[in-house]
Amino acid sequence: DPEVFERLQQDPDIGPQLRLVPPESSWLGGDVTFAIMSNAFVGNPASSLSSFIAHSRLAFGFNNTSLFRKKDENGEWMDVCPGVDCLFGPKMA
């Protein structure tokens, strides 16, 4: 979403770190690899592609991907599954 990218680009901390892959250099396999190996990936939790990337990052040892989060009663962000015994965790019991 270009609007989301523009908002992130205007952030003083995040903006200087963003890298946009030019459309002529973009292809699904490369984009997925780039997303998996990047320092951060901004994904949509409802997207199966984002879920695949989050699980791949866990498989490569990136620990919590922060994709599965929600706001608590105080408006603070929290992990949906903070423990390792979670469907979205690095290992299941």
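Overview of the structure. These numbers were taken from a predicted model, which means no experiment stands behind them.

1. With respect to the overall build of the chain
Secondary structure assignment for the chain yields three helices and two strands. In the chain, the succession of helices and strands from N to C terminus is α-α-α-β-β. Residue burial in the chain is summarised as follows: out of 93 residues, 18% are buried. Accessible area of the chain: about 7,200 Å², with a carbon and sulfur share of 56%.

2. Quick word on the packing of helix H2 (residues 28–37) against helix H3 (residues 48–59)
One can describe the packing of H2 onto H3 by two numbers: an axis separation of 9 Å at closest approach and a directional angle of 50 degrees. In terms of orientation, H2 lies oblique with respect to H3. Relative to H3, the crossing made by H2 is right-handed. On the side of H2, the interface is formed by Leu28, Val32, Ala35, Ile36 and Met37, while H3 contributes Leu49, Phe52, Ile53, Ser56 and Arg57. In terms of residue class, the contact of H2 with H3 is built from eight nonpolar, one polar and one charged.

3. Digging into H2
Listed as buried for H2 are Val32, Ala35 and Ile36. Buried residues in H2, looked at end-on, bunch into an arc of 100 degrees, giving them a common side. Looking at the buried side of H2, the elements it contacts are H3.

4. A look at the layout of surface pockets
For the largest pocket, the calculated volume is near 1,000 Å³. Every residue lining the largest pocket is counted, 24 residues in all, and those nearest its centre are Phe5, Leu18, Arg19, Phe34 and Val42. Here the lining of the largest pocket gets five residues from one element, more than from any other, and that element is H2. A per-class count over the lining of the largest pocket returns 17 nonpolar, four polar and three charged.

Thresholds, definitions, all that
Each chain has its residues counted from 1, running along the sequence as written. Selection of residues for local features in this predicted model requires a pLDDT of at least 70, selection of side-chain atom pairs for listing and counting requires 80 or more, and totals for whole chains, interfaces and linings are taken over all residues. Hydrogens and water are ignored here; the side-chain numbers use all heavy atoms of the structure. To qualify as a helix, a DSSP run of H or I must reach at least 4 residues; to qualify as a strand, a run of E must reach at least 2; elements of each kind are numbered from the N terminus. Burial classes follow relative accessibility: with a 1.4 Å probe on protein chains only, a residue under 20% of its type's maximum area counts as buried, one over 50% as exposed, and anything between as partly exposed. A 1.4 Å probe and the Shrake-Rupley method give the accessible areas. Residues count as covered only by the protein chains that appear here. The angle between two axes is taken between their N-to-C directions and runs from 0 to 180 degrees, where each axis is a line fitted to C-alpha atoms and a helix contributes only its stretch in contact. Angle categories are assigned with fixed cut-offs, so that under 35 degrees is roughly parallel, over 145 is roughly antiparallel, 65 to 115 is roughly perpendicular, and the rest are oblique. Less than a right angle of anticlockwise turn of the near helix away from the far helix marks a crossing as left-handed, whereas a clockwise turn marks it as right-handed. Should any heavy atoms of two residues lie within 4.5 Å, those residues are counted as being in contact. Here the term charged refers only to Asp, Glu, Lys and Arg, the term nonpolar to Ala, Val, Leu, Ile, Met, Phe, Trp, Tyr, Cys and Pro, and the term polar to all other amino acids, Gly among them. The arc in question is the one spanned by the directions pointing from the helix axis to the C-beta atoms. Space inside and on the surface of the protein is sampled on a 1 Å grid over the protein atoms alone, with a cavity defined as a set of points where a 1.4 Å probe fits but cannot get out and a pocket as an open set with protein on both sides within 12 Å along at least 5 of 7 lines; lining residues have an atom within 4 Å of a point. Grid points are joined across faces, edges and corners, and a volume is the space filled by probe spheres set on the points.

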